[in-house]
Amino acid sequence: GSSLSRGAACSALVECTFRNADNALLVAKKKGMMHGVVSVMQTSTGDVRDDAAGVLRNCSNYSQAAAEVIVQTPGVLDALIEMCKGENSERFTAMGTIQNLTRCESVAPLLCKTRVVAEALLPALDVRGSGEDHNNVDVDVLRAEALMGITNLSTLPQLQCLKARPDISKVIVQMLCSAVRGQAWKDVAWYDADECLRPLAQM
């Protein structure tokens, strides 16, 4: 279909999978659905590409079974890694998807064998903002989720070799406080308390 129709379809999938585990798994397991979403990520740009990644982010966030399906979809990790190297909001969505996947116990060992840590998570720790407040908030989220993902995938000896990042840890603590209050952190992203507490405990 056209770029407009692909964008509308992905946007609808984002809406129906938000905070809905049943729909998240249904979408992930629908024959051809994940391949189609990955294809949109590979061939589209801007908001359409962002919405396609948003489908994966929601599905992986609300269903571990969906995360297992996603990580086995050909081309998905390459597409997410490339999006993390971008400059727009799409890298924020892609990083959120990767961080969700690292929280799945059955998926994490598979991710450790890929380029995700070296080419997506570690480089994101040093990303800087452009000076605009909104972009800096996005960068804070990007860096925090990258560190969360790294801790989820790392062994204790590996964590001991990781450079201390108190500036990023501070953001994760703020996210945890928002999660405990049932609020979105700075009105840009929702997190579960366990999602934030686990990497802090690891560190």
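See the structure above.
A. Just the overall build of the chain, in detail. On a plain count of helices and strands, the chain comes out with 13 helices and 0 strands. When the helices and strands of the chain are read in sequence order from the N terminus, they spell out α-α-α-α-α-α-α-α-α-α-α-α-α. In the chain, buried positions account for 48% of the 203 residues. Within the chain, counting contacts between residues at least 6 apart in sequence, those at least 24 apart form 68% of the total. Roughly 10000 Å² of accessible area belongs to the chain as shown, and the carbon and sulfur atoms make up 53% of that amount.

B. Highlighting the packing of helix α6 (residues 76-84) against helix α9 (residues 116-124). With their axes 9 Å apart at the nearest point, α6 and α9 run at an angle of 30 degrees to one another. With respect to each other, α6 and α9 are oriented roughly parallel. Read as a crossing pair, α6 and α9 show a hand that is left-handed. Of the residues in α9, those touching α6 at L77, I81 and C84 are V116, E119 and A120. Considering only residue class, the contact of α6 with α9 consists of 5 nonpolar, no polar and 1 charged.

C. Spatial organisation of the environment of A65. Locating A65 in the fold gives a position in helix α5 (residues 64-71). As for A65 and G7, which are separated by 58 residues in sequence, their C-alpha atoms are 25 Å apart.

D. Molecular detail of helix α1 (residues 3-17). Helix length check: α1 (15 residues) gives 21 Å between terminal C-alpha atoms against 21 Å at 1.5 Å per residue, within 8%. Among the residues making up α1, those that are buried are G7, C10, L13, V14 and T17. Looking straight down α1, one finds its buried side chains confined to an arc of 125 degrees; they lie on one side. Pointing more than 90 degrees away from the buried face of α1 are the exposed residues L4 and E15.

E. Spotlight on the side chain of R165. Its place among the elements puts R165 in the loop between α11 (156-160) and α12 (166-180). Exposure remark for R165: the relative accessible area of 11% places this residue in the buried category. Setting aside residues up to four positions removed in sequence, R165 forms contacts with L125, D126, R128, R143 and L147.

F. Region of the structure containing the pattern of salt bridges. Per the stated rule, a full pass over the model turns up 9 salt bridges. Between D126 and R165 there is a salt bridge, with its nearest N and O atoms 3.2 Å apart. Residue D126 is located in the loop between α9 and α10 (133-153), and its partner R165 is located in the loop between α11 and α12; the two are separated by 39 residues in the primary sequence. Beyond isolated ion pairs, a larger network of salt bridges with shared partners links D78, E82, K85, R115 and E119.

G. The side chain of S169, seen in detail. The topology assignment puts S169 in helix α12. Taking the relative accessible area as the measure of exposure, S169 reaches 18% and is therefore buried. In contact with S169, not counting residues within four places along its chain, are L147, L200 and M203.

Definitions and limits used
Residues numbered from 1 in each chain as written. Predicted model: local features only at pLDDT ≥ 70, side-chain atom pairs only at ≥ 80, totals over all residues. Heavy atoms only, no water. Helix = DSSP H or I, 4+ residues; strand = E, 2+ residues; numbered from the N terminus. Buried < 20%, exposed > 50% of the residue type's maximum accessible area, 1.4 Å probe, protein only. Contact = heavy atoms within 4.5 Å. Areas by Shrake-Rupley, 256 points an atom, 1.4 Å probe, with all protein chains shown as cover. Axes fitted to C-alpha atoms, helices over the stretch in contact; angles between N-to-C directions. Parallel < 35°, antiparallel > 145°, perpendicular 65-115°, else oblique. Left-handed = near helix turned anticlockwise from the far one by under 90°. Nonpolar A, V, L, I, M, F, W, Y, C, P; charged D, E, K, R; others polar. Expected span 1.5 Å × (residues − 1). Arc of directions from axis to C-beta. Salt bridge = Lys/Arg side-chain N within 4 Å of Asp/Glu carboxyl O.

The values are spatial; any link to function lies outside them.
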